[in-house]
Amino acid sequence: MTSPSEPAVVLGAVTVVMAAVALLLALSRRKQVRRCREMDAALKSAEARTRSAESRTDDAEAREERFRAEVSHLVSARLPALKLNLISSHHPVPGLLHEKTAGPEDAELLDSVLTRVSEIVLTERRRVDAAARAALRGASQDSQALSYRLQSELDALQREFTGSRQLTHRMLAADHLNEQNLRLIQRTAIVCGAWPGHVRKDTYVAELVTGASSRLRGFDRIKINSRIASNVGIVGRAAEPVAVACAELMANALEHSRDDLAVDVSLIQTGNGNVSITVDDAGKGMTAEAAARGVRLVSADSQDVMLTELGDPPSQGFVAIGRLVADYGFHVSVDNPSPYGGVRAVVTIPPNLLASIDEEAEPPSAMAPQAAVAPKAERRPSAATETATATETPADDEKSRASAPDGADGLPQRRRRGPAATTGGLTVPSYRAPDPERSRKAWSEFQDGLEGGRTDSDSEETQ
Amino acid sequence: MSRGHQRRLLPAYLATGAGGAPLPTTLDTLTALRASGLPLAAYHTPVHRRVVELVTDGSLTAVEIAAYLGLPASVGLMLAEQLVSDGVLRASVPVPDALAPSRAGRPSMQLMEEVLSGLQSLRVA
């Protein structure tokens, strides 16, 4: 056997080895390529991530920038505007700087800052206002009490001394000054939450309004016309509040009409039993804004008015009326024009605050205007005697009470008493009274006619 | 006017009206007043009207008027003076004290009449 030659063996071995190596190489290369591709992909995704991270960083920076701008806008523009807005709602509070791009959370957060600040400011303002009111109320109530004592003193002085006229005159003047002062103090006390100061007995409406007018400078210019029954009064608990409200309205009317013009006050009782006290002035009237403000202040449901809202000098009249209206249940309207072009203010007192006063037990004062005669009673002369007897019962009482000479003829404003005054101005009863001559004539004519007719018909029948 | 312990509602100066200097003192508390028949003017207060009403059919003194109206006597006098100066009231002198017969320390009316007749007889003689 021929043994293979050695070189051939070597060659064969080398070939085998080479083949194996080549195989291995090929394998490793494939692996290499795959890994290479994977690395590439990883690199790309890393790059993308980096890019997105960068853009997110930019976004965040931009948002932070915007937020910073919003906050500085809040501090520099919106908060100062809020300050003005809290004083008067006429001043608007601006919105966000970038309304559209801002996120809803940011907007909410920033707006809640404004809400919280205004809450804090309002709470604090109310606290300070309450403290101021308490201080003012204390001072004015003390002062009011002293003024009442001074009033009693002056009243006693007037009754005690009948000396010189000069002295009387000056005491009356001092009394009037004190009364005016009292009105101002009492009004301030009421604005600050105090009660009117004292409770009266049931009081005649006419007396109450006259008494209220006496608290004002220029009370001579107030002309009170009463067209309500003279025994109508206001229950004690509401008497002083109504007097204060009337005094304020009359003070306004006096202030806003010229010095030589009268202020007309009329008292009427309406069909539904309310008593209306109407105060008409001939001033310039109120602007729509002032009227709206007035209506708001005198209504019962807006009683959170603060001292700081009253202006400088504070206008307290309407606020005092508003507080009394809320507490005592009568009604005041100030938004009607008066027939003279000024303002007509009406105090309406519901029947539950009215009382009928026994005129004999509590005679009305001589200083209150007397009720005018109802026009209805004056119109029918034929029924004069009946009406007179019907209305005489209350009038009789008054007559006997007055126990003074009657003198009905000289008094145009009193209720009708003497027949002379009644018939004097009226022509009707003269021919209504039986006249014998006229009756005889009428009856004889009637009889003649009757007889004439009968004889005619008789003759016809006989013919 | 005060009613019991009540706070006064109607002050006395309402009766006389505001303003105007006081008139010179002309009337006495016992001066009799009666209405002259002149009508009242627009500036007169309801109290002026009541005063005239009181003295239309007779005469009263200023103090009586004040008492009827529940006013201080001093205010009654002021009212009377105002109305007399306006011509609405007429004042007559108070009844002379001499007419009161039993005034201590004063001559009686009888004595005065005797003096008068004595004087007249002197003049005749």
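Provided above is the structure to which this section pertains.
All figures in this text were calculated on a predicted structure; none of them were measured in a lab.

*Asks:* Sorry if this is basic, but what is going on with the layout of surface pockets here?
*Replies:* The probe, sized like a water molecule, is rolled over the atoms to show the empty space still left. All names here are of chain A. By volume, the second largest pocket is sized at about 970 Å³. Top element by residues in the lining of the second largest pocket is helix H5 (residues 236–256). It accounts for eight residues. Taken together, the residues of the lining of the second largest pocket break down into 15 nonpolar, ten polar and eleven charged.

*Asks:* For this particular structure, what's the right way to read the packing of aromatic side chains?
*Replies:* The geometry of an aromatic ring pair is captured by two quantities: the separation of the ring centres and the angle between the planes. Residues and elements named next belong to chain A. Under the counting rule described, the total for this entry stands at two aromatic pairs over all chains. For the ring pair Trp443 and Phe446, a centre distance of 5.7 Å and an interplane angle of 85° mean the geometry is edge-to-face. Separated by three residues within a single helix, Trp443 and Phe446 lie in helix H12 (residues 436–462), roughly one turn from each other. Overall, Trp443 belongs to the exposed group, its relative accessible area being 59%.

*Asks:* When you look at the interface of chain A and chain B in this model, what are you seeing that I'm missing?
*Replies:* Interfaces are frequently sized by the accessible area removed from exposure as the parts join. Taken together, the contacts link 52 residues of chain A with 44 residues of chain B. Inspection of the region where chain A meets chain B yields four salt bridges. At the boundary of chain A with chain B, the tally comes to seven residue pairs in polar contact (both at pLDDT 80 or more). When residues of the side of chain A that touches chain B are traced back to their parent elements, those giving at least two are helix H2 (104–160), helix H3 (165–191), strand S1 (203–204) and helix H4 (205–213) of chain A. By residue number, the principal contributor to the side of chain A that touches chain B is H3 of chain A, which donates eight residues. Within the side of chain A that touches chain B, the residues separate by chemical class into 17 nonpolar, 19 polar and 16 charged.

*Asks:* I tried to follow the sheet that holds strand S8 (residues 354–356) of chain A on my own but got confused; where do I start?
*Replies:* Residues and elements named next belong to chain A. What the three strands build is an open sheet, ordered S1-S3-S8; its pairing is antiparallel. Lying at the two open borders of the sheet, with one neighbouring strand each, are S1 and S8. Bridging between S1 and strand S3 (residues 232–234) involves two bridges; their strand directions are antiparallel. Following the sheet pairing, Tyr204 is matched in S3 by Gly233.

Each value, and the rule that gives it
- Residues numbered from 1 in each chain as written.
- Chains lettered and ligands numbered in written order.
- Predicted model: local features only at pLDDT ≥ 70, side-chain atom pairs only at ≥ 80, totals over all residues.
- Heavy atoms only, no water.
- 1 Å grid on protein atoms, 1.4 Å probe; cavity = no way out; pocket = protein on both sides within 12 Å on 5 of 7 lines; lining within 4 Å.
- Points joined across faces, edges and corners; volume = space filled by probe spheres on them.
- Helix = DSSP H or I, 4+ residues; strand = E, 2+ residues; numbered from the N terminus.
- Nonpolar A, V, L, I, M, F, W, Y, C, P; charged D, E, K, R; others polar.
- Phe/Tyr/Trp six-rings, centres within 6.5 Å; stacked < 30°, edge-to-face > 60°.
- Buried < 20%, exposed > 50% of the residue type's maximum accessible area, 1.4 Å probe, protein only.
- Contact = heavy atoms within 4.5 Å.
- Salt bridge = Lys/Arg side-chain N within 4 Å of Asp/Glu carboxyl O.
- Polar contact = N/O pair within 3.5 Å; in protein donor to acceptor, adjacent residues only side chain to side chain.
- Pairing = 2+ DSSP bridges.

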